[in-house]
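# Results of the structural survey
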Amino acid sequence: MTSPIPAQSAPDRAATPFRIAAWLEAAGESRWFFPATLGVTVVILFWNAVGPDCLFAYRDSAHFYPPLYKLVREEWLAGRVPLWNPLLNNGQPLAGMATSGAFYPPQVLLTMLLPDGLSLNVHVIAHLALAATGAYLLGRYQGLSRPAATLAGLAYAFGGSVLFQVYNPIYACGAAWLVWAVFGGVRLLAGGGIRDFLLLSVALAMSVLCGEPQAGYHAGLVLGLWWLFLPARTWRGLATLAAAAGAAAFLSLVQIALAAEFTRETSRSMDLAPQSLWQVPGFLLRPEQRPDRAQWFDILIGRPPKVAGHYRSAYGFVLQPWRIVEFFWPQFAGPPHARWTINAGFDTPVTWVNSLYAGILPAVAALAVCWPAGQRRLVPRVWLWLIGLSLLASMGAYGLVGVFRHAVAIVQGDWAACGYRDGDEVGGLYWLLSIAAPGYSGFRYPVKWMTVVALALGQIAGFAIDAVATTAMRQRLARLTGAAAVLAGFGLAALVVAAAIRGIDAVLPCARPAETGAVVWRVVVGGGVHVAVVSALLWWLCRATLSLSPRSCVAALAIVSACDIAAAGHRELLVGRLSDLVRGGLFLEELKQTRRPELAAVSPRLRIAVQSENLNLIDTRDLGRFVPFTGLMMRSHVPWLFDCEKFGEVSTAMPADVEALCSPLTDAAAAVLPRRTFDLASVEFFLVPMAKDAIANAEAFLRDWSDGQKRGEYQGPAPQGGNLPVVELPLPGGDENSPLVIVARNPSALPRVRIVRQIGTVPPIAKQSWDRWVDTLKRIAFPNPGVPDLFTRALVETDAQTVAVFPQQSPVGTPPPMEDRCQMTIDESQRVVVAAELAEPGLVVLADAFHPDWTLTVSSDGADPRPLPIQRVNRIHRGCSLPAGRHVLEFRYHSKTFARTIWITLAAWGVAAV
């Protein structure tokens with residue numbers, strides 16, 4: 001490939017350090033320049049993150065993915081396709097939760113070959129290197145020199161927008177496959193052949209299989225914009241892109257189908273109003289199922305007053321406009337655990353990435369190519385358009401309505417009205433995608449568009465430094481880097497002066513102790529010093545009077561920028577130990593030894609619930625305490641590490657029935673948590689952090705049922721008896737006098753398998769029948785006059801009766817006959833066997849999740865097994881009505897969707913391989 005930098009005569013040995021310049025020029029032209037620079041950058045960034053016990057100790061990498069990937073690995077090693085997860089919410093689909101990556105080969109192989117923790121770290125680091133390689137090859141394809149393409153690759157993969165995703169691995173994987181999809185698509189549009197077609201298809205499919213389909217969607221939109229800018233674009237080129245997307249759908253069909261099936265049962269499909277224009281026709285065709293408070297045009301004028309969870313969280317992570325400063329000042333807002341901008345009131349409480357910094361050179365390069373007198377032909381216009389449009393999309397919650405409302409409020413002096421409100425997103429680019437792009441309304445987090453910004457920024461930086469042969473570009477870069485150094489110097493001076501006057505702990509707003517304020521100040525100042533030094537060095541390299549040859553100058557700029565990115569990124573990484581996470585949860589082993597005998601005899605596994613996951617009790621900087629506390633608090637999926645089940649966990653997607661049954665009932669007095677839901681689900685222990693707000697919210701929850709409530713006498717939805725027995729747990733190895741977590745035993749937990757004879761019935765309910773659905777869930781979750789007691793009763797959905805009737809075969813509260821026995825003899829993820837002995841006809845209830853893909857065969861009194869229908873009991877559990885006698889019930893999970901799609905996916909990969 002011909003380099004865009006023109007050749008130059010030999011430099012003057014008397015005026016130039018010839019040996020250094022010659023070495024730089026030779027290094028820049030070497031084919032090893034990129035791999036060597038990439039390797040050094042990876043070592044600088046992750047030298048302390050690769051070890052048998054290492055763990056990226058922040059967000060999802062610490063508590064969500066290690067147990068999840070471990071569960072997937074164990075299912076494969078047991079000879080089972082990981083289709084069902086028995087450890088979450090009484091059971092729910094596993095492969096259908098796309099974040100599991102159940103069919104993603106790199107993840108499955110690494111988790112099998114490497115220890116837990118290390119496998120996840122290597123998985124993420126490898127994908128970041130893959131992302132850098134893809135961006136490098138894309139730059140080379142566009143004519144960049146090796147050093148310029150190297151800068152493009154490193155700025156993309158190791159800039160803040162992508163690097164911070166070591167704490168959310170599927171986003172890092174998505175970033176890797178996004179750039180490879182764009183690379184294949186660009187080549188395909190330029191007349192590429194079958195290999196480029198397959199590269200695009202495989203990259204899109206892998207983004208789905210790894211659990212980040214939104215990255216593939218964004219790649220398609222980027223390629224669509226690229227096609228629009230082609231001077232010789234043809235409809236055939238666009239059709240080729242569409243065909244590649246279709247091929248990708250076949251390659252990942254099994255994952256798409258399972259995820260779509262599961263999503264239909266989650267809260268993401270429970271909104272009252274349509275989420276996009278594509279859903280309006282179906283909404284209008286069901287007038288009897290939509291409540292009066294939802295209208296089809298709510299998506300156009302702002303969200304309706306009452307919406308389900310996904311509608312609220314679709315705009316949960318947005319780019320605040322002020323954050324553009326972070327392109328020029330690393331860690332400007334402070335460390336991830338203590339951002340002063342949140343306390344100042346102009347940042348969201350939850351931040352997607354800590355910093356946007358991708359190196360000072362890419363930041364100033366974007367300004368250089370936008371210079372009024374600049375030669376914009378040096379950079380493809382598509383990259384500039386992508387930066388602008390992606391930044392707008394990243395500010396998803398701020399549309400035209402929000403801009404107008406804020407302008408009116410500011411003019412009127414009503415500063416209190418500023419800040420995001422429902423409806424502000426109307427007129428924004430992300431809002432337009434959500435309502436107009438097919439399927440896009442199912443995604444979340446507008447700031448994922450910052451990955452596209454990072455890609456475009458890196459490519460622009462490559463074009464800019466390749467243009468240093470021109471005097472205008474070199475002078476432009478010198479001025480901008482010099483200005484960055486001067487501005488950083490002024491900012492540092494202001495911070496130092498303010499610290500001298502007020503003290504370093506009081507300069508920046510901080511809601512935590514004084515020592516944290518000092519830490520935040522040091523972090524911000526450290527970022528300022530970093531950018532000032534690097535900017536000054538780049539200014540020196542870019543001076544027009546510097547006698548380096550263009551080739552050696554480009555290599556020098558790339559090397560300095562690589563060091564800049566690596567040094568800034570390393571400060572963003574928090575690396576802890578997996579053993580500390582396990583150590584924090586070892587108390588579960590003690591709880592298992594204290595289970596109620598009648599529950600332990602029925603079910604081998606313990607079930608717990610966590611009423612709050614407040615992690616503010618421990619500073620995240622103190623990894624030696626924070627990681628064990630994450631285990632102590634049973635954050636997210638941590639219980640799975642101990643083969644312990646967790647109920648009521650939201651996770652990535654939660655079945656809508658479970659979410660509704662676990663949600664508080666709000667009345668005029670206060671919000672009441674549904675304790676009865678957890679009793680029915682056989683939850684034996686509750687965990688509550690010692691934070692004041694968590695204790696206050698759980699005060700009524702941590703009480704026993706009164707004697708009258710136990711007898712079925714309705715006395716209100718909340719328990720009214722005495723306080724539950726509790727144990728206070730300190731941090732392992734910490735001060736025993738400073739407990740952090742309360743563990744409460746639940747004496748009213750029902751056995752996982754039980755026999756009932758008082759049965760009430762309701763007709764089957766569709767979720768679209770909102771009012772009937774909500775009413776039934778309230779009857780189950782809270783004691784009420786209609787269903788005061790579910791300890792000796794069950795509510796079954798059936799067409800046999802339309803009104804709930806409780807036949808009084810025995811006095812209310814009378815225990816079952818002593819001859820009744822039931823026990824689980826086999827408890828596997830996709831096979832459960834129950835031995836039941838009934839003295840008289842009754843309903844065997846299994847407190848595992850109801851799902852239509854579960855089947856049941858029953859062998860009665862030694863006879864051959866016969867299939868029987870599974871009854872839907874208490875909305876979320878399984879049951880079977882049986883006569884008196886001895887029975888063996890075998891429940892098996894057979895996913896019809898998996899059976900229909902797996903062979904298509906395997907055939908598609910076979911064709912691609914050929």
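A short tour of the structure in this document, coming up. (Residues numbered from 1 in each chain as written. Predicted model: local features only at pLDDT ≥ 70, side-chain atom pairs only at ≥ 80, totals over all residues. Heavy atoms only, no water.)

## Describing the sheet that holds strand 20 (residues 871-873)
Reading across the sheet, the six strands line up as 12-17-21-20-14-13 and stay open at both edges, with mixed pairing between neighbours. For this open sheet the edge positions go to strand 12 (753-756) and strand 13 (758-762), each flanked by a neighbour on one side alone. This sheet shows a mean twist of 35° between the axes of neighbouring strands, independent of strand direction. The pairing of strand 20 with strand 21 (residues 877-882) spans three bridges and is classified as antiparallel. Residue pairing in the sheet places Arg872 in a bridge with Arg878 of strand 21. (Pairing = 2+ DSSP bridges. Helix = DSSP H or I, 4+ residues; strand = E, 2+ residues; numbered from the N terminus. Axes fitted to C-alpha atoms, helices over the stretch in contact; angles between N-to-C directions.)

## What about the pattern of salt bridges?
Throughout the structure, instances matching the rule amount to 35 salt bridges. Linking Lys70 and Glu74 is a salt bridge whose minimum nitrogen-to-oxygen distance equals 2.6 Å. With Lys70 and Glu74 both in helix 4 (residues 65-77) and four residues apart, this pair spans about one turn of that helix. Overall, Glu74 belongs to the partly exposed group, its relative accessible area being 35%. A salt bridge links Lys710 to Asp704, with the shortest nitrogen-to-oxygen separation between them at 3.4 Å. Overlapping salt bridges bring together Arg605, Arg607, Glu645, Arg752, Asp827 and Asp848 as one network. (Salt bridge = Lys/Arg side-chain N within 4 Å of Asp/Glu carboxyl O. Buried < 20%, exposed > 50% of the residue type's maximum accessible area, 1.4 Å probe, protein only.)

## A short note on the pairing of strand 16 (residues 831-838)
Two faces, one strand: in a regular strand the side chains alternate between the faces of the sheet. Relative to strand 16, strand 15 (residues 821-827) is paired through six bridges, and the arrangement is antiparallel. Counted as the bridge partner of Asp827 is Val832 from strand 16. The sheet contact formed by strand 16 and strand 22 (residues 885-893) spans eight bridges and is antiparallel. From the neighbouring strand, Ala835 faces strand 22, where its bridge partner is Val888.

## A few points about empty space enclosed by the protein
Summed over the entire model, instances satisfying the criterion amount to 10 cavities of 30 Å³ or more. Taken as a whole, the second largest cavity encloses approximately 120 Å³ of empty space. For the second largest cavity, the lining is made up of 16 residues, of which Gly160, Tyr357, Ala568, Gly569 and Glu572 are closest to its centre. Taken together, the elements giving at least two residues each to the lining of the second largest cavity come down to helix 8 (160-163) and helix 25 (550-570). With three residues, the top contributor of residues to the lining of the second largest cavity is helix 25. When grouped by side-chain class, the residues that make up the lining of the second largest cavity number nine nonpolar, six polar and one charged. (1 Å grid on protein atoms, 1.4 Å probe; cavity = no way out; pocket = protein on both sides within 12 Å on 5 of 7 lines; lining within 4 Å. Points joined across faces, edges and corners; volume = space filled by probe spheres on them. Nonpolar A, V, L, I, M, F, W, Y, C, P; charged D, E, K, R; others polar.)

## Some points on the packing of aromatic side chains
Per the counting criterion, the structure on display carries 33 aromatic pairs. Both rings, one in Tyr171 and one in Trp352, keep their centres 6.2 Å apart while their planes meet at 40°; by these two values the pair is tilted. Of the two residues, Tyr171 sits in helix 9 (residues 169-189) while Trp352 sits in the loop between helix 17 (340-344) and helix 18 (360-369), which places them 181 residues apart along the sequence. A relative accessible area of 6% means that Trp352 is categorised as buried. Measuring from ring centre to ring centre gives 5.4 Å for Phe647 and Phe678, while their planes differ by 90°; the resulting arrangement is edge-to-face. Residue Phe647 is located in the loop between strand 6 (645-646) and helix 30 (656-662), and its partner Phe678 is located in helix 31 (residues 675-680); the two are separated by 31 residues in the primary sequence. Summarising the burial analysis for this pair, Phe647 and Phe678 share the class buried. What links up through ring pairs into an aromatic cluster is the set Phe46, Phe56, Tyr58, Phe164 and Tyr167. Arg675 extends its terminal NZ or CZ atom over the ring of Phe701, reaching a point 5.8 Å from the ring centre. The lysine or arginine in question, Arg878, covers the ring of Trp854, its NZ or CZ lying 3.8 Å from the ring centre. (Phe/Tyr/Trp six-rings, centres within 6.5 Å; stacked < 30°, edge-to-face > 60°. Lys NZ or Arg CZ within 6 Å of the ring centre and 35° of its normal.)

## Let's talk about the packing of helix 7 (residues 146-158) against helix 22 (residues 450-466)
Where helix 7 meets helix 22, the closest approach of the two axes is 8 Å, and the angle between their N-to-C directions is 160°. Accordingly, the angle class assigned to the pair helix 7 and helix 22 is roughly antiparallel. Crossing handedness for the pair helix 7 and helix 22: right-handed. For the pair helix 7 and helix 22, the contacting residues are Pro147, Ala148, Leu151, Ala152, Ala155 and Tyr156 in the first and Thr451, Ala454, Leu455, Gly458, Gln459, Ala461, Gly462, Ile465 and Asp466 in the second. Residue composition of the contact of helix 7 with helix 22, grouped by class: 10 nonpolar, four polar and one charged. (Parallel < 35°, antiparallel > 145°, perpendicular 65-115°, else oblique. Left-handed = near helix turned anticlockwise from the far one by under 90°. Contact = heavy atoms within 4.5 Å.)

## A few points about the sheet that holds strand 19 (residues 866-868)
Judged by pairing direction, the sheet is antiparallel, and its five strands sit side by side in the order 15-16-22-18-19 without closing on themselves. Both edges of this open sheet fall to strand 15 and strand 19, since each of them pairs with a single strand only. Mean inter-strand twist for the sheet, computed between neighbouring axes without regard to direction, equals 25°.

## Observations regarding the environment of Arg703
Tracing the sequence through the fold places Arg703 in the loop between helix 32 (692-697) and helix 33 (707-710). Relative accessible area serves as the criterion here: at 29%, Arg703 is assigned to the partly exposed category. Along the sequence, Arg703 and Asn723 sit 20 residues apart, while their C-alpha atoms lie 4.3 Å from each other. A polar atom in the side chain of Arg703 sits 2.8 Å from the backbone oxygen of Gly721. (Polar contact = N/O pair within 3.5 Å; in protein donor to acceptor, adjacent residues only side chain to side chain.)

## Some details on the pairing of strand 21
Most of strand 21 sits inside the fold, with five of its six residues counted as buried. As defined by bridge partners, strand 17 (residues 842-846) adjoins strand 21 across five bridges and the pair is classed as antiparallel. Across the sheet, residue Leu843 finds its bridge partner in strand 21, namely Ser881.

## Focus: the environment of Ala190
Following the sequence through the fold, Ala190 ends up in the loop between helix 9 and helix 10 (194-209). Judged by its relative accessible area of 54%, Ala190 is exposed. When the C-alpha atoms of Ala190 and Gly237 are compared, they prove to be 8.5 Å apart, with 47 residues separating the residues in sequence.

## Section: a nonpolar patch on the surface
A contiguous nonpolar patch, built from Leu77, Leu109, Met112 and Leu113 and spanning about 430 Å² of accessible area, is present on the exposed surface. Looking at which element gives the most residues to the nonpolar patch, the answer is helix 5 (residues 105-113), with three residues. Residue position: Leu77 is located in helix 4. Relative accessible area serves as the criterion here: at 58%, Leu77 is assigned to the exposed category. (Patch = residues over 30% accessible without salt bridge, like charges linked within 9 Å, V, L, I, M, F, W, Y side chains within 5 Å. Areas by Shrake-Rupley, 256 points an atom, 1.4 Å probe, with all protein chains shown as cover.)

## A look at the nonpolar core
In this structure, Phe46, Tyr156, Phe158, Trp383 and Leu889 are the most contacted members of the largest nonpolar core, which totals 238 residues. Of all the elements, helix 9 adds the most residues to this core, at 16 residues. Contact partners of Tyr156, with chain neighbours within four places excluded, come to Ala131, Ala135, Val162, Ala175, Leu178, Val179, Thr451, Ala454 and Leu455. Met654, Cys662, Trp770 and Trp773 belong to the second-largest nonpolar core, a separate cluster that totals 37 residues. (Core = buried A, V, L, I, M, F, W, Y, C linked by side-chain atoms within 4.5 Å.)

## Observations concerning the side chain of Arg875
Its location among the elements puts Arg875 in the loop between strand 20 and strand 21. We classify Arg875 as buried; its relative accessible area is 4%. Reaching out from Arg875, the side chain makes a polar contact with the side chain of Asp657 at a distance of 3.1 Å.

## Notes on the state of the cysteines
On inspection of all chains with the given rule, the structure shows zero disulfides. Of all cysteine sulfurs, the one in Cys880 lies closest to Cys822, which takes part in no disulfide; the gap is 13 Å. (Disulfide = S-S within 2.5 Å.)

## Side note on the environment of Leu241
Within the element layout of this structure, Leu241 appears in helix 12 (residues 235-251). For Leu241, a relative accessible area of 10% translates into the label buried. Excluding its chain neighbours within four sequence positions, the residues that come into contact with Leu241 are Gly185, Leu188, Leu189, Leu200 and Leu223.

## Here's the deal with the side chain of Asp564
For Asp564, the location among the structural elements is in helix 25. Although Asp564 lies buried, it forms no salt bridge, and the closest oppositely charged side chain, Arg571, sits 6.9 Å away as judged by the N-O distance. If near-sequence neighbours (up to four positions away) are discounted, Asp564 is found in contact with Tyr357, Gly359, Ile360, His530 and Val534. (Lys, Arg positive; Asp, Glu negative; His and termini not counted.)

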